[in-house]
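Tertiary structure, described
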Amino acid sequence: MKGFLITISTFLSGFLLYFAWTGFVEEELKITEHRGRIVNKIRSEQVIDFGTAMTVKPQYKVVLSTGETLNVPFPVYQKLNKGEFTILLKQNDRIINP
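Residues numbered from 1 in each chain as written. Predicted model: local features only at pLDDT ≥ 70, side-chain atom pairs only at ≥ 80, totals over all residues. Heavy atoms only, no water.

**Structural notes on the sheet that holds strand β5 (residues 94-96)**
Ordered by their spatial adjacency, five strands build an open sheet running β3-β2-β1-β4-β5, and the pairing between neighbours is antiparallel. A single partner strand is all that each edge strand has here, and the edge strands are β3 (69-71) and β5. Here the strands of the sheet are splayed against their neighbours by 35 degrees on average, with no regard to which way each runs. (Pairing = 2+ DSSP bridges. Helix = DSSP H or I, 4+ residues; strand = E, 2+ residues; numbered from the N terminus. Axes fitted to C-alpha atoms, helices over the stretch in contact; angles between N-to-C directions.)

Here it is as structure tokens:
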């Protein structure tokens, strides 16, 4: 009986681990596509307080014609122009312009 329980628990744990892993891989490989015309480009600065020191970090945002506002890295921000149609791909908080 003890051997049977060990065998069942081993297979059950393997089964659960497999489904947890496939869900993780699916989320890691999920890519969201954003399409639209660039309505506005916004550059702002965020002040970060470290207790005794303050740092200013620039933030770059793009507003699409669909109403979405996306934080983009500087190279993508610099590459895009107002009024042009673009496709932006988002994966794990990283945005690229193919």
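Further notes follow.
**Points about the packing of aromatic side chains**
Under the definition given, this model contains two aromatic pairs. Ring plane angle 50 degrees and centroid distance 5.1 Å describe the contact between Y60 and F74, whose orientation is recorded as tilted. Of this pair, Y60 sits in strand β2 (residues 54-64) while F74 sits in helix α2 (residues 74-79), placing them 14 residues apart in sequence. Exposure remark for F74: the relative accessible area of 38% places this residue in the partly exposed category. Look at Y60 and Y77: their rings are 4.9 Å apart centre to centre, the planes differ by 40 degrees, and that puts the pair in the tilted class. Taken together, the positions of Y60 in strand β2 and Y77 in helix α2 put the pair 17 residues apart, joining distant regions of the chain. Y77 carries the same exposure label as Y60, and that label is buried. For the cation-ring pair, K41 lies above Y77, with the distance from its terminal atom to the ring centre recorded as 4.6 Å. (Phe/Tyr/Trp six-rings, centres within 6.5 Å; stacked < 30°, edge-to-face > 60°. Buried < 20%, exposed > 50% of the residue type's maximum accessible area, 1.4 Å probe, protein only. Lys NZ or Arg CZ within 6 Å of the ring centre and 35° of its normal.)

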